[in-house]
Structures are given as C-alpha cells and as structure tokens.
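Now for the letters of each chain:
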Amino acid sequence: MSELIFLVFVVIATCVIFDFTNGFHDAANAIATSVATRALTPPVALAMAALMNFVGAMLGTGVAETIGSGIVDITETAELDGLLLVLGALFGAVSWNLITWWLGLPSSSSHALIGGLTGAGLVTAVTVHWGVIVDKVVLPMVLSPIVGFTFAYVAMKLVLAALEAKEASYGHTMTRFRYAQTISAAAVALGHGLQDAQKTMGVIVMAMVAGGFHPSGGGIPLWVKLVAATAISAGTATGGFRIMKTLGSKLIDLDPPHGFVAETVAASVLYTTAFVWAAPISTTQTITSAIMGVGATKSKAAVRWGTAGNIATAWVFTLPCAAGIAALVTLALRLFLL
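- Taking an unreviewed UniProt entry as the reference, the chain is identified by name as Phosphate transporter belonging to Actinobaculum massiliense ACS-171-V-Col2.
- Recorded in UniProt for the chain, the comment headed Subcellular location (unreviewed entry) runs: "Membrane".

See below:
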C-alpha cells in the first residue's frame, strides 16, 4: 500500500511538472502579439498572463472530464498498470514540450498529452476511445486552425474597412489598439487557463482513480484545481521567449490592430470549444492560425509561409511523436516494475 501511495505521489508530481512546462511553453500564446506590438512590456505581459491563467483554470471542468475519462478507460485496469499508463503518458508529453520549446516551435501541449495517453494506453492494452479522440481531438485539431484563420481574416478586413471609412489618424489608431490589446491578451490568457490547466486536472484525477483514491466520475476536487492553476501560472510567469519570438516576429510583422483582432478571435474560439463542446483544443494552433489570418489581409507575402510550414509540421508530428515516446516509456516501466 505504501508503494502505491508513493507512486500516486510521483504521478501527481509529474502532472505538476507537465503543467509547469505547459505554462512556459504556451506563455507565448497569450502575450507574443502584445509584446511584439509594444502594447505590453514582457514583465507586465507575463504577470498578467499568469494571473489570468489561474483565473481561467478555476472556471470550468468540461475539458478536464474529457481528458480524465474520455481518452482511455482505466476503470477495469489494475492499480499499478493504470498509474504506469499515466506516468508514461506524462513523460511523452513533457518530452515533446521540451523538444519543441528548444526548437522554438509553438506546438500543442494539449495534443502532446492526448498523444501520450493514447500511446501509453495502447501499450497497456486498455480501451482507447477512438470515437472521442476523433470527435473531440482530431476534428477540432483540423477545424480550429481553419476557423481561426478564416474568422481572423474576415474580422481584420472589417476592422480595416471601418478605420478607412472613419479616416482615423495613424497615431491615434495605434494608441487605442494598444490599450485594447491589454484586454484581448488577457482574454487569450484566460482561455489558455480554461483549456490547458483543465487537462492537468483531468490527469491528476485519472491517477487518483487508478490508485483507488478517488471514485470514477467523482468530479474534480478543489485542491486539484488549485494545484493545476498554480502550476500553469508559475510556468507562464517564467516566460517562453523562444516561442514568443516565433509567434511575435517570425510569422508576420504585427501592429496593434492586427494583434488585437488575432487575440480576440483566438479567445472567442477557446471559450466556445471549452464551454459548448468541452473539447480540448490547442491554444497554440488557434492563436497561430489567427495571426496568419490577420497577416494575410496585408498581402499573401506578409505571412512567412516557410515559418508557418515548420509550425504546421510540428503540429502534424505532435500526436504520433508524443504517443511513441509515451509508449516506449510505458513499456520500459512495465518491464522493470511489473
């Protein structure tokens, strides 16, 4: 029994590490555009994003429940098997987060975690809910960039037409949109907490269910919400400057109006999928595609498509690579510990 308690503690600690890497890996999602347009300084932007991540994490549980019970079924699995599955999945997700952070690529922590759960689940021979994965992971993975790009493009065109009709002065327009970006960046950070911190909550509860310390379907305890919210906020506060540089300056040259529209569209998509669909979509994909959408209104050449291609490649490889790493780690853990 003591060994089981220790393993549950190790798994929960690894969940916190994943949540922390999620925070510093995805901090750029919320603040890259605001920093690039000089609407916010990096320290102020990071502090704001960390606070809004914490608040967002406390606002719902729909995504957490999808992650905790919708991807793989561990209710009929032996306690040790279930815990090793979760631990292997986390190793796969953390490894992929660190690899893509080092390369400066804004990949999806969400898809890394889901890929990790899938790979570890296949090795452990538990039930993998492929229907849920297709409906709430693969479809959103395909649709959210399309929606983000399209809505951002249309919204930016409308904003530009309105500004042209009003014949607003350049300086006055830039100043107003810099102020507006404070709100839109906060909205994206809130959406990031709402989406990504919930995923960690779901995995912590999954580990507790696997260890027999929490009933299946028993909801998310308050302490789990607080732990997940704190970890992702702490990670965000450390910053993810490699990825911030990619989103803020390597993809397009941003100004305050384009930054504001990209952030507003991304936040709207995050809220809709979290509250209406309970789908764990990628914050990274949503904001990146929105940035490309607003950039495309300038000209086709305004978007650096080579950089966009590198980002898209990371998106495609996230699920299978995280799954592969998780499968290998889970297999090794089972060989040594079972």
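Things to note about a nonpolar patch on the surface
Reasoning step 1: Judged by side-chain polarity, Val-134, Leu-139, Val-142, Leu-143, Ile-146, Val-147 and Phe-151 come together as a nonpolar surface patch covering roughly 590 Å² of accessible area.
Reasoning step 2: Mapped onto the elements of the fold, Leu-139 is located in helix α6 (residues 130-166).

Points about the UniProt feature "transmembrane region" (unreviewed entry) in the chain
Reasoning step 1: The feature "transmembrane region" (unreviewed entry), as given by UniProt, occupies residues 6-24, 44-63, 83-105, 112-132, 138-160 and 314-337 in the numbering adopted here.
Reasoning step 2: Secondary structure content for residues 6-24 is 100% helix and 0% strand, while the C-alpha to C-alpha distance between its ends is 27 Å.

Looking at unusual backbone geometry
Reasoning step 1: Positive phi values are uncommon outside glycine, yet Ala-125 reaches one of about 65°.
Reasoning step 2: Mapped onto the secondary structure, Ala-125 falls in the loop between α5 (109-124) and β2 (127-128).
Reasoning step 3: Ala-125 gets classed as exposed once you look at its relative accessible area, which sits at 67%.

Remarks on helix α12 (residues 305-337)
Side chains that are three or four residues apart share a direction in an α-helix, a result of its 3.6 residues per turn.
Reasoning step 1: Helix length check: α12, at 33 residues, gives a terminal C-alpha distance of 47 Å against a target of 48 Å (1.5 Å per residue), a fit within 8%.
Reasoning step 2: Within α12, the axis deviates most sharply at Thr-318, by approximately 45°, and proline Pro-320 lies no more than four positions further along.
Reasoning step 3: By the burial criterion, the buried members of α12 are Ala-308, Ile-311, Ala-314, Trp-315, Thr-318, Leu-319, Ala-322, Ala-323, Ala-326, Ala-327, Thr-330 and Leu-333.

Points about α6
Reasoning step 1: Between the first and last C-alpha of α6 there are 52 Å, a value that for 37 residues agrees with the 54 Å anticipated at 1.5 Å per step.
Reasoning step 2: Here α6 has its buried residues at Ile-133, Val-137, Pro-140, Ser-144, Pro-145, Gly-148, Ala-152 and Met-156.
Reasoning step 3: In the segment just after α6, Glu-167 is the residue with positive phi, at about 55°.

A few points about the packing of helix α4 (residues 79-103) against α12
Reasoning step 1: Taken N-terminus to C-terminus, the directions of α4 and α12 make an angle of 140°; their axes are 7 Å apart at the nearest point. As judged from the angle between their axes, α4 and α12 are oblique. Regarding α4 and α12, the two cross each other, and that crossing is right-handed. Here Leu-80, Asp-81, Leu-84, Leu-85, Leu-87, Gly-88, Ala-89, Phe-91, Gly-92, Ser-95, Trp-96 and Ile-99 of α4 lie close against α12, whose contacting residues are Ala-314, Phe-317, Thr-318, Cys-321, Ala-322, Ile-325, Ala-326, Val-329, Thr-330, Leu-333, Arg-334 and Leu-337.
Reasoning step 2: Class assignment for the residues of the contact of α4 with α12 results in 17 nonpolar, five polar and two charged.

Some words on the packing of helix α2 (residues 42-57) against helix α8 (residues 222-238)
Reasoning step 1: Two elements in contact, α2 and α8, have axes separated by 8 Å at closest approach and are oriented at 165°. Classified by the angle between their axes, α2 and α8 sit roughly antiparallel to one another. Crossing of α2 against α8: the hand is right-handed. Contacts between α2 and α8 involve Leu-46, Ala-49, Ala-50, Asn-53, Phe-54 and Ala-57 from the first element and Leu-226, Ala-229, Thr-230, Ile-232, Ser-233, Thr-236 and Ala-237 from the second.
Reasoning step 2: For the contact of α2 with α8, the class distribution of residues is nine nonpolar, four polar and no charged.

Thresholds applied
Residues numbered from 1 in each chain as written. Predicted model: local features only at pLDDT ≥ 70, side-chain atom pairs only at ≥ 80, totals over all residues. Heavy atoms only, no water. UniProt positions renumbered as here; feature names shortened; annotations may be inferred. Patch = residues over 30% accessible without salt bridge, like charges linked within 9 Å, V, L, I, M, F, W, Y side chains within 5 Å. Areas by Shrake-Rupley, 256 points an atom, 1.4 Å probe, with all protein chains shown as cover. Salt bridge = Lys/Arg side-chain N within 4 Å of Asp/Glu carboxyl O. Helix = DSSP H or I, 4+ residues; strand = E, 2+ residues; numbered from the N terminus. Buried < 20%, exposed > 50% of the residue type's maximum accessible area, 1.4 Å probe, protein only. Expected span 1.5 Å × (residues − 1). Bend = angle between axes of the 7 residues up to and from the residue. Axes fitted to C-alpha atoms, helices over the stretch in contact; angles between N-to-C directions. Parallel < 35°, antiparallel > 145°, perpendicular 65-115°, else oblique. Left-handed = near helix turned anticlockwise from the far one by under 90°. Contact = heavy atoms within 4.5 Å. Nonpolar A, V, L, I, M, F, W, Y, C, P; charged D, E, K, R; others polar.

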